[in-house]
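Overview (structure and organization)
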Amino acid sequence: MSTDGILAEQQRLARLLTFLDHDPGNLTLICDAMGKAIALGDLAIGQQLIEHVKIHGIEDPRVFANGAHLLLQAGDYSAAAAFGDQAIAAGLNDPAVVFNTALGHFHSADFSAA
C-alpha cells in the first residue's frame with residue numbers, strides 16, 4: 001500500500017471512530033473500524049476499540065472475532081483466546097477465527113484448549 005493509500009485509510013478510520021462516538025452500538029461501524037485497525041496494524045486504536053466493546057457491553061460474534069485478531073496483534077494472547085472462544089460459542093466457526101483462537105490459547109500456554 002502506498003503512503004497516500006495508508007494516509008487515506010488512516011483518515012477513513014478516524015472518520016469511522018467519529019461516527020462511532022455518535023452511535024456507539026452500531027455493529028457495522030464497529031466491525032469496519034476494527035477491520036481498518038487490523039489492516040493498518042494500529043494497536044492503539046485496536047485497544048481503544050476493545051475498550052469500547054467492553055464499556056458498551058457489545059456481544060456480537062463478528063466483533064468478538066475481530067477483537068481476537070486485534071488482541072493477537074497486541075500480544076494479549078489470553079484475552080484473544082477469550083474473545084475467540086466467545087465468537088465460536090456464538091456460532092462463528094470460520095477457520096480464521098478457530099485458528100486465531102487456538103493461537104491465543106497456545107501462546108498463553110493453555111494447551112488443552114488450543
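So, a few notes on the structure that sits alongside this text. (Residues numbered from 1 in each chain as written. Predicted model: local features only at pLDDT ≥ 70, side-chain atom pairs only at ≥ 80, totals over all residues. Heavy atoms only, no water.)

Here's the deal with the overall build of the protein
Assigned secondary structure in the protein consists of six helices and zero strands. Secondary structure elements of the protein occur, N-terminal to C-terminal, as α-α-α-α-α-α. What you see for the protein is a C-alpha radius of gyration of 14 Å, in line with the 13 Å of a compact globule of 114 residues. Looking at the protein residue by residue over its 114 residues, the buried ones come to 35%. Put simply, of all contacts in the protein between residues at least 6 apart along the chain, 50% involve residues at least 24 apart. Carbon and sulfur atoms provide 56% of the accessible area of the protein, an area that totals close to 6,200 Å². Seen as two clouds, the 5 positive and the 13 negative side-chain charges of the protein have centres 7 Å apart. (Helix = DSSP H or I, 4+ residues; strand = E, 2+ residues; numbered from the N terminus. Rg over C-alpha atoms; globule rule 2.2 N^0.38 Å. Buried < 20%, exposed > 50% of the residue type's maximum accessible area, 1.4 Å probe, protein only. Contact = heavy atoms within 4.5 Å. Areas by Shrake-Rupley, 256 points an atom, 1.4 Å probe, with all protein chains shown as cover. Lys, Arg positive; Asp, Glu negative; His and termini not counted. Charge placed at Lys NZ, Arg CZ, Asp CG, Glu CD.)

Details of the packing of helix H2 (residues 27-40) against helix H4 (residues 61-74)
Interaxial distance between H2 and H4 falls to 10 Å at its minimum, and their mutual angle equals 25°. Here H4 runs roughly parallel to H2, going by the angle between their axes. Along this stretch, H2 crosses H4, giving a crossing that reads as left-handed. Contacts between H2 and H4 involve Leu 27, Ile 30, Cys 31, Met 34, Ala 37 and Ile 38 on the former and, on the latter, Arg 62, Val 63, Asn 66, Gly 67, His 69, Leu 70 and Gln 73. Here the contact of H2 with H4 is composed, by residue class, of eight nonpolar, four polar and one charged. (Axes fitted to C-alpha atoms, helices over the stretch in contact; angles between N-to-C directions. Parallel < 35°, antiparallel > 145°, perpendicular 65-115°, else oblique. Left-handed = near helix turned anticlockwise from the far one by under 90°. Nonpolar A, V, L, I, M, F, W, Y, C, P; charged D, E, K, R; others polar.)

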